[in-house]
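# Coordinate analysis (summary)
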Amino acid sequence: MKRSWLFVIGIAALIFSVSNTQLYAQNNGNELDQLRDYAPRVFLDCRRCDRDFFREEITYVNWVRDRKDADIHVLVTDQTTGSGGREYTFAFIGLENYKGIDNTLVVASGPNDTLDEIRRAQVEVLERGLFPYIIKTPIAEYINLSFRERLRPTAVSDPWNFWVFSISGDGRMGGEVSRKTRSLDVNLSANRITPDLKIRIGLSGDFDERIYDYEDEHLESTQVEKDLATMVVKSLGEHFSAGGWFEAESATYNNLDLRFTLAPAVEYNFFPYSESTRRQLRAL
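First, a word on what this report is: a plain description of the structure on this page. It should be emphasised that the depicted structure is a prediction, and the values quoted were computed from it without experimental measurement.

Cut-off values and rules
Residues numbered from 1 in each chain as written. Predicted model: local features only at pLDDT ≥ 70, side-chain atom pairs only at ≥ 80, totals over all residues. Heavy atoms only, no water. Core = buried A, V, L, I, M, F, W, Y, C linked by side-chain atoms within 4.5 Å. Buried < 20%, exposed > 50% of the residue type's maximum accessible area, 1.4 Å probe, protein only. Helix = DSSP H or I, 4+ residues; strand = E, 2+ residues; numbered from the N terminus. Contact = heavy atoms within 4.5 Å. Pairing = 2+ DSSP bridges. Salt bridge = Lys/Arg side-chain N within 4 Å of Asp/Glu carboxyl O. Axes fitted to C-alpha atoms, helices over the stretch in contact; angles between N-to-C directions.

### Some points on the nonpolar core
- Grouped together as the largest cluster of nonpolar side chains are 32 residues, with contacts concentrated most on V74, F90, L126 and L130.
- Sorting the residues of this core by element identifies β2 (41-45), α4 (51-57), β4 (72-80), β5 (86-94), β6 (103-109) and α5 (115-134) as the ones contributing at least two each.
- The dominant element in this core, judged by the number of residues it contributes, is α5, at 7 residues.
- Each residue touching F90, except ones within four places of it in the same chain, is listed here: V74, L75, V76, N103, T104, L105, V107, Q122, V125 and L126.
- Counting residues in hydrophobic clusters, the runner-up holds 5 residues, among them F43, V64, A70 and I93.

Shown next, in the form of structure tokens:
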């Protein structure tokens, strides 16, 4: 029932604030100080978080620096997404009087999101996750609840079918009386990552030309490199993944006209893949 209640809160995008707390503090400072004694103690376990920002935005809990002093352990882990952003998993672990009240919420950022957009989205998720604990304290009387909008079930349609394409390039030119240089780098990639299948395709090309003129000497050096790498891996359950890896390359610098590499891709995770944001121990 507790998990169902949290799920309803998450779907409805429940946002709560404590704007009335400051007004209350002006008139009832002593009572508010007493309320702080009932506020849960929170230990934030996170590598990529703006802790100072969190403390400034969420002032109705007691932040502690030692997990042993905490009522709630918030473990934040992250991993890259197929689009180039990051997915942050907030695991709320109840301790002491809140033991057994555990929940997990997830928020994802896009590749073009600013740091401020990311940390504000994290604060919103953190507030949602703390609500089941706050509601058990007298502080809940000073919290306002509001709904952004009522969400309607909609079918998710991805016209790209989970494919993510990217292209990048870099070119340089330079010269003087005795030396001229030109170079061009081009990279293309196509990735499709789902819980069942991972496909990575990368194509790159590098061109570099250098021309030297010194007295009666004229020297030219040209290097061309081309590379195609492909990996396909299929999930075989919560622990096993298997597939293959293929690469074709040519490089004038290494005297490679054309070289092929074909290899298996086998992986075993000692922990279930569904827990990959929390713990991993993989043999490849």
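### Description of the pairing of strand β8 (residues 163-175)
- Of the strand pairs in this sheet, β8 and strand β9 (residues 179-193) are connected by 13 bridges, and their pairing is antiparallel. Directly across from F165, in β9, lies its bridge partner A190.
- Taking the residues between adjacent antiparallel strands as the criterion, β8 and β9 are bridged by 3 residues.

### What to know about the pattern of salt bridges
- Following the criterion strictly, the structure yields 15 salt bridges and no others.
- When the shortest N-O distance is used, the salt bridge between R119 and D116 registers 3.0 Å. Note that R119 and D116 are positioned in helix α5 at a spacing of 3 residues, about one turn of the helix.
- Judged by its relative accessible area of 26%, R119 is partly exposed.
- The salt bridge involving R172 is made with D185; its shortest N-O contact spans 4.0 Å. Residue R172 is located in strand β8, and its partner D185 is located in strand β9; the two are separated by 13 residues in the primary sequence.
- Its relative accessible area of 43% is what places R172 among the partly exposed residues.
- Each of D50, D116, R119 and R120 takes part in a single network of salt bridges with overlapping partners.

### Some words on the sheet that holds β2
- With respect to topology, 5 strands assemble into an open sheet ordered β3-β2-β4-β5-β6, the strand pairing being mixed. Looking along the sheet, the strands with just one partner apiece sit at the ends: β3 (62-64) and β6. Going across the sheet, the axis of each strand differs from the next one's by a mean of 25 degrees, ignoring polarity.
- As judged from the 4 bridges shared by β2 and β4, these two strands associate in the parallel manner. Across the sheet, the residue bridging to V42 is I72, located in β4.
- α5 contacts β2, β3, β4, β5 and β6 of the sheet and is inclined by roughly 25 degrees relative to β5.

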